[in-house]
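The primary structure of each chain is shown beneath.
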Amino acid sequence: MREYNEEEELNRYVWEFFSQFFTTKELEAQRAVHFETKAQDTDSEATQRMLRKKYDQNNPELIEAMNNWPQFRSKARKRVMEKHSGEISINRCQDCSRILRTPEALQCLWCGADWH
Ligand SMILES: [Zn+2]
(Lines give C-alpha, C1' and ligand atoms only; values in the text may rest on other atoms or scores of the structure.)
Protein backbone atom coordinates (compact mmCIF):
# COMPACT_ATOMS: atom_id res chain seq x y z
CA MET A 1 0.00 0.00 0.00
CA ARG A 2 1.25 3.50 -0.74
CA GLU A 3 2.38 5.69 2.11
CA TYR A 4 0.01 8.24 3.59
CA ASN A 5 0.73 11.81 2.58
CA GLU A 6 -1.62 14.39 4.07
CA GLU A 7 -0.88 17.02 1.41
CA GLU A 8 -1.45 14.56 -1.43
CA GLU A 9 -4.65 13.18 0.12
CA LEU A 10 -6.02 16.69 0.69
CA ASN A 11 -5.28 17.58 -2.93
CA ARG A 12 -6.95 14.44 -4.21
CA TYR A 13 -10.00 14.81 -1.97
CA VAL A 14 -10.69 18.49 -2.54
CA TRP A 15 -10.07 18.36 -6.31
CA GLU A 16 -12.27 15.29 -6.63
CA PHE A 17 -15.18 16.17 -4.38
CA PHE A 18 -15.26 19.98 -4.47
CA SER A 19 -14.50 20.61 -8.13
CA GLN A 20 -17.36 23.17 -8.23
CA PHE A 21 -15.12 25.62 -6.33
CA PHE A 22 -12.26 25.54 -8.84
CA THR A 23 -12.01 27.97 -11.75
CA THR A 24 -12.54 26.93 -15.35
CA LYS A 25 -8.83 27.47 -15.99
CA GLU A 26 -7.87 25.23 -13.09
CA LEU A 27 -10.20 22.47 -14.24
CA GLU A 28 -8.84 22.83 -17.79
CA ALA A 29 -5.31 22.39 -16.47
CA GLN A 30 -6.32 19.27 -14.54
CA ARG A 31 -7.94 17.84 -17.67
CA ALA A 32 -4.88 18.66 -19.79
CA VAL A 33 -2.53 17.02 -17.26
CA HIS A 34 -4.74 13.95 -17.35
CA PHE A 35 -4.40 13.66 -21.15
CA GLU A 36 -0.70 14.52 -21.14
CA THR A 37 -0.01 11.84 -18.51
CA LYS A 38 -1.83 9.31 -20.68
CA ALA A 39 0.17 10.47 -23.72
CA GLN A 40 3.40 9.93 -21.83
CA ASP A 41 2.27 6.46 -20.81
CA THR A 42 1.94 5.21 -24.36
CA ASP A 43 4.55 4.39 -27.00
CA SER A 44 2.12 4.95 -29.88
CA GLU A 45 2.80 8.29 -31.54
CA ALA A 46 -0.65 8.30 -33.12
CA THR A 47 -2.27 7.91 -29.69
CA GLN A 48 -0.02 10.62 -28.29
CA ARG A 49 -1.07 13.03 -31.04
CA MET A 50 -4.73 12.17 -30.46
CA LEU A 51 -4.45 12.75 -26.71
CA ARG A 52 -2.55 16.02 -27.12
CA LYS A 53 -5.26 17.35 -29.41
CA LYS A 54 -7.61 17.21 -26.44
CA TYR A 55 -6.03 20.26 -24.88
CA ASP A 56 -4.85 23.58 -26.24
CA GLN A 57 -1.11 23.19 -26.74
CA ASN A 58 -0.87 26.81 -27.88
CA ASN A 59 -2.20 28.29 -24.66
CA PRO A 60 0.89 29.52 -22.76
CA GLU A 61 -1.04 29.95 -19.52
CA LEU A 62 -2.23 26.37 -19.68
CA ILE A 63 1.23 25.02 -20.52
CA GLU A 64 2.69 27.02 -17.64
CA ALA A 65 0.15 25.50 -15.23
CA MET A 66 0.91 22.01 -16.57
CA ASN A 67 4.66 22.52 -16.19
CA ASN A 68 4.16 23.54 -12.56
CA TRP A 69 1.33 21.13 -11.91
CA PRO A 70 2.20 19.92 -8.37
CA GLN A 71 2.56 23.50 -7.11
CA PHE A 72 -0.40 24.74 -9.16
CA ARG A 73 -2.59 21.92 -7.86
CA SER A 74 -1.71 22.53 -4.19
CA LYS A 75 -2.03 26.29 -4.50
CA ALA A 76 -5.50 26.08 -6.04
CA ARG A 77 -6.59 23.55 -3.43
CA LYS A 78 -5.38 25.81 -0.60
CA ARG A 79 -7.22 28.82 -2.04
CA VAL A 80 -10.42 26.77 -2.39
CA MET A 81 -10.16 25.50 1.20
CA GLU A 82 -9.62 29.03 2.56
CA LYS A 83 -12.36 30.63 0.49
CA HIS A 84 -14.92 27.88 1.14
CA SER A 85 -13.90 26.73 4.60
CA GLY A 86 -17.53 26.71 5.73
CA GLU A 87 -18.61 24.50 2.85
CA ILE A 88 -15.79 22.00 2.83
CA SER A 89 -15.59 19.20 5.33
CA ILE A 90 -13.08 16.42 5.06
CA ASN A 91 -14.22 12.94 6.02
CA ARG A 92 -11.58 11.61 8.40
CA CYS A 93 -11.07 8.32 10.17
CA GLN A 94 -12.35 8.28 13.75
CA ASP A 95 -9.36 6.20 14.78
CA CYS A 96 -6.30 7.45 12.91
CA SER A 97 -7.69 10.81 11.59
CA ARG A 98 -6.37 10.14 8.12
CA ILE A 99 -8.44 11.26 5.15
CA LEU A 100 -10.95 8.69 3.92
CA ARG A 101 -11.49 7.79 0.27
CA THR A 102 -14.85 9.55 -0.17
CA PRO A 103 -17.23 11.82 1.81
CA GLU A 104 -19.48 8.77 2.40
CA ALA A 105 -16.76 6.28 3.34
CA LEU A 106 -17.45 4.26 6.48
CA GLN A 107 -14.16 2.48 6.59
CA CYS A 108 -10.55 3.51 6.60
CA LEU A 109 -8.26 2.02 3.99
CA TRP A 110 -5.24 3.23 5.98
CA CYS A 111 -5.77 1.57 9.36
CA GLY A 112 -8.64 -0.80 8.58
CA ALA A 113 -11.14 0.78 10.98
CA ASP A 114 -14.74 0.08 9.99
CA TRP A 115 -17.83 1.72 11.56
CA HIS A 116 -20.63 0.34 9.39
ZN1 LIG B 1 -7.92 5.01 10.05
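Everything numeric here is computed off the predicted structure, so don't read it as measured data. (Residues numbered from 1 in each chain as written. Predicted model: local features only at pLDDT ≥ 70, side-chain atom pairs only at ≥ 80, totals over all residues.)

Visitor: Quick question: what am I supposed to make of the overall build of the chain here?
Guide: Scanning the chain from terminus to terminus reveals 5 helices and 0 strands. Its C-alpha atoms give the chain a radius of gyration of 17 Å, clearly above 13 Å, the size a compact globule of 116 residues would have. For the chain, the spread of C-alpha atoms along the three principal axes comes to 50 × 35 × 20 Å. With 116 residues in all, the chain has 14% of them scored as buried. Expressed as a percentage of contacts within the chain between residues at least 6 apart in sequence, the contacts between residues at least 24 apart total 43%. (Helix = DSSP H or I, 4+ residues; strand = E, 2+ residues; numbered from the N terminus. Rg over C-alpha atoms; globule rule 2.2 N^0.38 Å. Buried ≥ 20, exposed ≤ 12 C-beta atoms within 10 Å, placed from the backbone. Contact = placed C-beta atoms within 7 Å.)

Visitor: Is there a simple way to explain the packing of helix H1 (residues 6-17) against helix H5 (residues 69-83) in this structure?
Guide: A pair of packed helices is characterised by two quantities: the angle between their axes and the separation of those axes. At their nearest, the axes of H1 and H5 sit 10 Å apart, and the two run at 65° to each other. The pairing of H1 with H5 is recorded here as roughly perpendicular in orientation. Of the two possible hands of crossing, H1 and H5 adopt the one that is left-handed. For the pair H1 and H5, contact is made by Glu7, Leu10, Asn11, Val14 and Trp15 and by Arg73, Ser74, Arg77, Val80 and Met81, respectively. Counted by class, the contact of H1 with H5 contains 5 nonpolar, 2 polar and 3 charged residues. (Axes fitted to C-alpha atoms, helices over the stretch in contact; angles between N-to-C directions. Parallel < 35°, antiparallel > 145°, perpendicular 65-115°, else oblique. Left-handed = near helix turned anticlockwise from the far one by under 90°. Nonpolar A, V, L, I, M, F, W, Y, C, P; charged D, E, K, R; others polar.)

Visitor: Looking at this structure, how should I read the nonpolar core?
Guide: Most often, soluble globular proteins have nonpolar side chains that are buried together. If you look at the biggest cluster of nonpolar residues, it comprises 7 residues: Tyr13, Val14, Ala76, Val80, Ile99, Leu100 and Cys108. Put simply, the parts of the chain that give this core at least two residues each are H1 and H5. Dropping the residues within four chain positions of it, Ala76 is found in contact with Phe22 and Glu26. Ala29, Ala32, Ala65 and Met66 belong to the second-largest nonpolar core, a separate cluster that totals 5 residues. (Core = buried A, V, L, I, M, F, W, Y, C linked by C-beta atoms within 7 Å.)

Visitor: Sorry if this is basic, but what is going on with the packing of helix H2 (residues 24-40) against helix H4 (residues 60-67) here?
Guide: One can describe the packing of H2 onto H4 by two numbers: an axis separation of 9 Å at closest approach and a directional angle of 65°. The pairing of H2 with H4 is recorded here as roughly perpendicular in orientation. The way H2 lies across H4 gives a crossing that is right-handed. Of the residues in H4, those in contact with Glu28, Ala29, Ala32, Val33 and Glu36 of H2 are Leu62, Ala65 and Met66. Class assignment of the residues belonging to the contact of H2 with H4 gives a composition of 6 nonpolar, no polar and 2 charged.

Visitor: Would you take a moment to explain the environment of Gln94 for this structure?
Guide: Checked against the element boundaries, Gln94 lands in the segment after H5. Sequence separation between Gln94 and Arg31 is 63 residues; the distance between their C-alpha atoms is 33 Å.

Visitor: Help me understand the environment of Glu61 in this model?
Guide: Residue position: Glu61 is located in helix H4. Looking at Glu61, the number of C-beta atoms within 10 Å reads 11, which means it is exposed.

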